[in-house]
Structures are given as C-alpha cells and as structure tokens.
Amino acid sequence: MTSAPPAVPASALADTVLGRLTEVYPAAGDPFRAQEMVAYMKGAAPFLGIRTPERRTLSRTVLDGTPRPDEADCTAVALRCFALPEREYHYFAVDYLRRHVRRCSSGFLPVARHLVTTDSWWDTVDHLAAHVVGGLVAADPALAEQMDEWIEDDDLWVARTALLHQLRFKGATDSERLFAYCLRRAGDTDFFLRKAIGWALREYAKTDPDEVRAFVETHRARLSPLSVREALKHL
C-alpha cells in the first residue's frame, strides 16, 4: 500500500522561493529543447527546456537574499517543487537539499523517501541517495536500520537508494552492510539495481581496493556480469 505523502508545512521562505521560481524558470524555457530532454530521460517527466548551467544561474537569482532554511522550510520547498510537473523544479529541490541537508534531522527521512518515489528516475534518485539520504544517515547512524528495510523494498528506486547511500562515506563506509546489501539484491535482473551494486562497490574500491576485489572474487558467481564489470572497472 502506498503511504500518504508527507504534509507540506507552512513556510514563508518557501512561499518566496516558489513564487520567484515559477516566474523565472518558465520564462527561460525552450519548448524544442524540452522535447529533447523528455526523450533523453525516457519520458520520466516533462521539462521546461533549461540547460543545467543556465538553470543554476537562474537558481542563484531565485535564492538571492533569502535566509538559511530550517527543516520545515526544506520540507516545504522540496515537496512543493516535486508537486510541480516539470523536471527542472525537481532539480532545484534536489540542489537545495544537497546544500542544506545538515539543517535537517533524521525526521526528514520520510520526506526523502517520498521524493525518491516521486516520478522516479536516476537523475533525481541518485543525487537524493548519495547527498540527501546519505547525509542524513551519516549524521544519525541509527538511520542505517531504516536502510536495512529499504534494501528489501519492492520499489527498485528505494532499494537503489539503500545501495547508493554510502557512496560518499569513504573510510566511514560500513563495508559489512554494503556487501550484505549487494548480495541481497544480486539476484535481481533489473539493470538499475545491477548497475547500483557495481557503482557502490567501485566507489568503495577507491578506499579499500583489496576488500572489494576479494568480495567480488568470492561472490562472482552470484553477482551479475554488469555488477562485476562496474565494480572492477578501475582495479
């Protein structure tokens, strides 16, 4: 059963940001480019047609003079952006959360899950996994128990988030949990899960190449060729 979306808290800051955003972004859109973006992203969402460098310049204009947000502001901005159809608004929200995730408590995790499962595709999910969910878990290691539930989830994007949430942990990576997650989903045939297994292992190999090499060699028969290839790409 799909859970109800989190409530959008009142936020004067979000009112300001969304008011500016929904004026500035559409004015810069390019319908022809928007169709190219829709095709590239396999129809995951409609687009306004704003290239990333231009979008980030516009975002700075939108945020000019605004105060630092608290958790309620972050929640309101993110949920209101993701409620809009065009993908550039989702990108704005992800960038905003990446910048301010340290201002959010462990209680923000259900909001992050909602974002992961809204119009899901790799372009938003992977940044949410590594920078938002990962940031929350790094700040509150008790949330790792929630990741143990996410890796079991039927939603492949939730499971992919669990696989990728330690991407930026480096020496703080819980390798036992990482390897357990990889084995737990090793039998999945989905491309995005197989790719995530390989990516997570490849990233940890930058910290401990011998451990990753030994893991892959021990479990090569269980891992897909894609996962193995990605994991050993730089070893």
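Throughout what follows, the structure given in this document is the object of discussion. Positions within a chain are numbered from 1, following the residues in the order the chain's sequence is written. Local features are withheld for residues below a pLDDT of 70 in this predicted model, meaning they are given only at 70 or higher, and side-chain atom pairs are given and counted only at 80 or more; totals for whole chains, interfaces and linings count all residues. Calculated side-chain values reflect all of the structure's heavy atoms, with hydrogen atoms and water omitted.

1. A few points about the side chain of Asp-153
Working step 1: Checked against the element boundaries, Asp-153 lands in the loop between helix H8 (144–150) and helix H9 (156–164).
Working step 2: When a residue's accessible area, from a 1.4 Å probe over protein chains only, is under 20% of the maximum for its type it is buried; when over 50% it is exposed; and in between it is partly exposed. Asp-153 sits in the buried class, given a relative accessible area of 17%.
Working step 3: In protein, a polar contact means a hydrogen-donor-capable atom and an acceptor-capable atom, both N or O and within 3.5 Å, with residues adjacent in sequence counting only if both atoms are side-chain atoms; elsewhere, any N or O pair within 3.5 Å suffices. At 2.8 Å, the side chain of Asp-153 forms a polar contact with the side chain of Arg-113.
Working step 4: Apart from residues no more than four positions distant in its own chain, Asp-153 is found in contact with Arg-113, Val-158, Ala-159 and Arg-185. Put simply, DSSP H or I for four residues or longer makes a helix, DSSP E for two residues or longer makes a strand, and each gets a number counted from the N terminus. When checking whether two residues touch, look at their non-hydrogen atoms; a contact exists if any pair is within 4.5 Å.

2. Focus: the nonpolar core
Working step 1: Here the nonpolar core consists of buried residues drawn from Ala, Val, Leu, Ile, Met, Phe, Trp, Tyr and Cys, with membership extended through side-chain atoms lying within 4.5 Å. With 79 residues, the main nonpolar core has Phe-92, Phe-108 and Leu-201 as its most contacted residues.
Working step 2: Apart from the residues within four sequence positions on either side, Leu-201 is in contact with Leu-178, Phe-179, Cys-182, Val-212, Phe-215, Val-216 and Ala-231.

3. As for the packing of aromatic side chains
Working step 1: Here a pair means two rings of Phe, Tyr or Trp (six-membered ring of Trp) with centres within 6.5 Å. Their orientation is stacked below 30 degrees between planes, edge-to-face above 60, and tilted elsewhere. Summed over the entire model, instances satisfying the criterion amount to ten aromatic pairs.
Working step 2: With 6.0 Å between their ring centres and 15° between their planes, Phe-92 and Tyr-96 make a pair best called stacked. Of this pair, Phe-92 and Tyr-96 both sit in helix H5 (residues 87–100), separated by four residues, roughly a single helical turn. An identical accessibility class is assigned to Phe-92 and Tyr-96; each is buried.
Working step 3: Residues Trp-157 and Phe-192 carry aromatic rings whose centres are separated by 4.9 Å and whose planes lie at 45° to one another, so their mutual orientation is tilted. In this pair, Trp-157 sits in helix H9 while Phe-192 sits in helix H11 (residues 191–205), placing the two residues 35 residues apart along the sequence.
Working step 4: Residue classification places Trp-157 among the buried residues on the basis of a relative accessible area of 9%.
Working step 5: Members of the aromatic cluster, joined through ring pairs, are Tyr-25, Tyr-89, Phe-92 and Tyr-96.
Working step 6: The positively charged end of Arg-113 is found above the aromatic ring belonging to Trp-150, 5.7 Å away from the centroid. Only Lys NZ and Arg CZ are tested; either one counts as a charge over a ring when it is within 6 Å of the ring centre and within 35 degrees of the ring normal.

4. What about helix H12 (residues 209–219)?
Working step 1: By the burial criterion, the buried members of H12 are Val-212, Phe-215 and Val-216. Down the axis of H12, the buried set is contained in an arc of 95°. They therefore lie on one face. Residues Asp-210 and Thr-218 are exposed on H12 and point more than 90 degrees away from its buried face.
Working step 2: Among the structural elements, helix H10 (175–184), H11 and helix H13 (225–231) are those in contact with the buried residues of H12. It is the directions from the helix axis to the C-beta atoms that the arc portrays.

5. Some details on the environment of Leu-13
Working step 1: Relative to the helices and strands, Leu-13 is located in helix H1 (residues 12–27).
Working step 2: Judged by relative accessible area, Leu-13 falls into the buried class, the value being 10%.
Working step 3: The residues touching Leu-13, leaving out its near neighbours within four places in the chain, are Thr-66, Pro-67, Arg-68, Pro-69, Asp-73 and Tyr-96.

6. Let's talk about a positive patch on the surface
Working step 1: In this analysis, a patch consists of residues with relative accessible area above 30% that form no salt bridge, clustered at 9 Å for like charges and at 5 Å for the nonpolar side chains Val, Leu, Ile, Met, Phe, Trp and Tyr. Residue-level accessible areas treat just the shown protein chains as cover; the underlying method is Shrake-Rupley with a 1.4 Å probe. A carboxyl oxygen of Asp or Glu within 4 Å of a side-chain nitrogen of Lys or Arg is what we treat as a salt bridge. Neither His nor the chain ends is counted toward charge; the positive residues are Lys and Arg and the negative residues Asp and Glu. A charged residue contributes its charge at one atom only: NZ of Lys, CZ of Arg, CG of Asp or CD of Glu. Together, Arg-98, Arg-102, Arg-168 and Lys-170 make up a region of like positive charge exposed at the surface.
Working step 2: For Lys-170, the location among the structural elements is in the loop between H9 and H10.

7. Topic: the packing of H10 against H11
Working step 1: At their nearest, the axes of H10 and H11 sit 10 Å apart, and the two run at 155° to each other. Between H10 and H11, the angle falls in the class roughly antiparallel. The crossing of H10 and H11 is left-handed. Facing Ser-175, Leu-178, Phe-179 and Cys-182 of H10, the residues of H11 in contact are Ile-197, Ala-200, Leu-201 and Tyr-204.
Working step 2: Its residues assigned to classes, the contact of H10 with H11 comprises seven nonpolar, one polar and no charged. Between N-to-C directions, angles span 0 to 180 degrees; the directions come from axes that are lines fitted to C-alpha atoms, helices contributing only their stretch in contact. When describing relative orientation, an angle under 35 degrees is termed roughly parallel and one over 145 degrees roughly antiparallel, while 65 to 115 degrees is termed roughly perpendicular and anything else oblique. Helix crossings fall into two classes, left-handed where the near helix is turned counterclockwise from the far one by less than a right angle and right-handed where it is turned clockwise. For this classification, the nonpolar set comprises Ala, Val, Leu, Ile, Met, Phe, Trp, Tyr, Cys and Pro, the charged set comprises Asp, Glu, Lys and Arg, and every other residue, Gly included, is treated as polar.

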